[in-house]
Amino acid sequence: MDFTVSEKMKTIIEMMDEFVDKEIIPMEPEYLSRPFEDMLPAIEEKREMVRKMELWAPQHPKEYGGMGLDLMDFALVSESLGRSPLGHYIFGAHAPDAGNIEILHLYGTDEQKEKYLLPLVAGKIRSCFSMTEVDLPGSNPVMMDTTAVKDGDDYVINGHKWYTSSADGAKFAITMAETNSDAAPYLRASMLIVPTDTPGFNRVRNISVMGHEGSGWPSHSEILYQSCRIPQKNILGPEGHGFVIAQERLGPGRIHHCMRWIGICKRVFDLMCSRAKSRIIAPDRMLESKQIIQAWIAECAADIQAARLMILNTAWKIETLGGKEARQDVSMIKFFAANVLQKVVDRALQVHGGLGMTDDTVIAFYYRHERASRIYDGVDEAHKVSLARRILREYEGKQTR
Ligand SMILES: Cc1cc2nc3c(=O)[nH]c(=O)nc-3n(C[C@H](O)[C@H](O)[C@H](O)COP(=O)(O)OP(=O)(O)OC[C@H]3O[C@@H](n4cnc5c(N)ncnc54)[C@H](O)[C@@H]3O)c2cc1C
């Protein structure tokens, strides 16, 4: 495998790093203390700067106004932008829109692309992805109560979802609902485009997550679908192919998330090292002189490097051998990188002492919000079980000595 970074990508990453440092990190105190909507004018200003620099929507095709980067190059971009909670949003590379854009590219009809994809890539509207249900396990999504029943030219949707991230202010949801209840479990559900102003799309609340309800893009909603009627032409891809499409979305999506986490690790690692060097701990000693802190720094550096190389290796495998060949690696990086993230953020917080608990640095924000990395896009345990099963299959009937 070859991880050489091209000269073009080196320049792009340098430009992005500089933009994150100079233009985005200074916005964080406001982001951590004010409603998201209040920041929209300032965010739009920065987005305009990004567009002028021709760095907008890095992973989307050029013909749609993006940069057209491949998975390996976007992994590097995701690492750079992950250094601030607003990085991906300001560059038009944020979840859940990025994933929905991928699905619309692959399965959208011309009409759907015109109506939903183009304004989404342009950053004029937002969207959300509505799969997880309140009463059934998200880790086993084929157990689904939400139904979409044909009636005339329409589907009528009923169900109770939650954790529909960014639904507050979104123009449409991509909703998973059962359309083919007699089919095999993985062929029962379809993806449907549901405009959020459709009668019966009822956003009940923004859920309070780790003490924050949030609003707008950084929020997670509970949604009640009550006789929510949409035209049948709003289906994405073939009927019953919801899980097939979801599977396609998850592989590259996990690379994006995992490299974003490496960006977070690097940011809090920088803060940890700077604090260790600058915090006086005794009249003649700085914190950096303590061996336990030195050990944490060394361990975190090794963990970050290991996770980063595993993720890049997985991105390379997906690109060269295809998503199917990389399934084990994708499971491995998902839980490994999430746990590295949690450990590094925790150590950085500890090194900051009481300051780490405040919102005077970004560490506490990451500590609260990135705990979820071990839950969304597949809980740790499910990935471990599935990885172990695949590994053990290779030992069937094998004699080892
Ligand atoms: C911040 C955040 C954002 C999210 N955004 C979205 C979104 O935009 N759209 C959306 O549809 N969903 C979203 N989700 C939901 C997420 O996908 C689910 O929470 C996740 O799939 C787990 O489902 P669950 O919460 O129902 O947990 P459950 O399925 O009830 O699992 C609970 C626990 O059981 C254990 N467990 C589960 N399966 C296994 C197994 N196979 N082996 C061993 N132990 C197991 C694990 O410890 C797990 O944590 C989001 C969640 C969070 C926290």
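Position numbers for residues start from 1 in each chain and track the written sequence from start to end. Given that this is a predicted model, residues contribute local features only at a pLDDT of at least 70 and side-chain atom pairs are listed and counted only at 80 or more, while totals for whole chains, interfaces and linings are drawn from all residues.

## Some points on the site of the ligand
(1) Moving on: Looking at the ligand, there are 19 residues lining it, with Pro-137, Gly-138, Ser-139, Ser-165 and Glu-381 nearest.
(2) Moving on: The helix count covers DSSP runs of H or I at least four residues long, the strand count covers runs of E at least two residues long, and both are numbered beginning at the N terminus. Listing elements by their share of the shell around the ligand, those giving two or more residues are strand 1 (127–130), strand 3 (154–165) and helix 13 (380–393).
(3) Moving on: Here the term charged refers only to Asp, Glu, Lys and Arg, the term nonpolar to Ala, Val, Leu, Ile, Met, Phe, Trp, Tyr, Cys and Pro, and the term polar to all other amino acids, Gly among them. Partitioned by chemical class, the residues of the shell around the ligand number 11 nonpolar, seven polar and one charged.
(4) Moving on: There are two domains that each give the shell around the ligand at least three residues, and those are domain 2 (127–236) and domain 3 (243–393). Using a C-beta atom placed from the backbone for every residue, we mark a residue as near a molecule or strand if that atom lies within 6 Å of it. Either an automatic procedure or a domain database provided the assignment from which the domain bounds are taken.

## Section: the nonpolar core
(1) Moving on: By our criterion, buried Ala, Val, Leu, Ile, Met, Phe, Trp, Tyr and Cys residues that link up through C-beta atoms within 7 Å make up a nonpolar core. With C-beta atoms placed from the backbone, a residue is buried if 20 or more other C-beta atoms are within 10 Å of its own, exposed if 12 or fewer are, and partly exposed between those counts. In this structure, Leu-192, Ile-311 and Ala-337 are the most contacted members of the largest nonpolar core, which totals 97 residues.
(2) Moving on: When residues in this core are grouped by element, the largest group, 13 residues, is from helix 8 (residues 242–278).
(3) Moving on: Remark: residues whose backbone-derived C-beta atoms lie within 7 Å of one another are considered to be in contact. Once residues lying within four places of it in the same chain are set aside, the contact partners of Leu-192 are Ala-148, Tyr-155, Ile-157, Thr-175, Ala-177, Ile-230, Asn-234, Ile-235 and Leu-236.

## A word on the packing of helix 10 (residues 327–351) against helix 13
(1) Moving on: Interaxial distance between helix 10 and helix 13 falls to 9 Å at its minimum, and their mutual angle equals 145°. In terms of crossing hand, the pair formed by helix 10 and helix 13 is left-handed. Together, Gln-328, Ser-331, Met-332, Lys-334, Phe-335 and Ala-338 of helix 10 and Asp-380, His-383, Lys-384, Ser-386, Leu-387 and Arg-390 of helix 13 make up the contact between the two elements.
(2) Moving on: By residue class, the composition of the contact of helix 10 with helix 13 is four nonpolar, four polar and four charged. Interaxial angles span 0 to 180 degrees and are taken between N-to-C directions of axes, which are lines fitted to C-alpha atoms, for helices over the stretch in contact. Handedness of a crossing is defined here by the sense of rotation of the near helix relative to the far one, left-handed for an anticlockwise turn of less than a right angle and right-handed for a clockwise turn.

## Describing the environment of Met-191
(1) Moving on: Mapping Met-191 onto the fold places it in strand 5 (residues 189–195).
(2) Moving on: What makes Met-191 buried here is the crowd of 29 C-beta atoms within 10 Å.
(3) Moving on: The spatial distance from the C-alpha of Met-191 to the C-alpha of Ala-246 is 8.7 Å, given a sequence separation of 55 residues.
(4) Moving on: Met-191 has contacts with Ile-103, Ile-174, Met-176, Leu-236, Gly-237, Gly-242 and Ile-245, leaving out every residue within four places of it along the chain.

## Quick word on unusual backbone geometry
(1) Moving on: In the segment running from Ala-95 into Pro-96, the intervening peptide bond is cis, with an omega of -5°.
(2) Moving on: When you line up the elements, Pro-96 lands in the loop between helix 5 (87–90) and helix 6 (97–107).
(3) Moving on: At Ala-57, a position not held by glycine, the phi torsion is positive, near 50°.
(4) Moving on: By the secondary structure assignment, Ala-57 is in the loop between helix 3 (40–52) and helix 4 (71–81).
(5) Moving on: Not every positive phi belongs to a glycine, and Asp-377 is a case in point at roughly 55°.
(6) Moving on: Residue placement: Asp-377 occurs in the loop between helix 12 (363–369) and helix 13.

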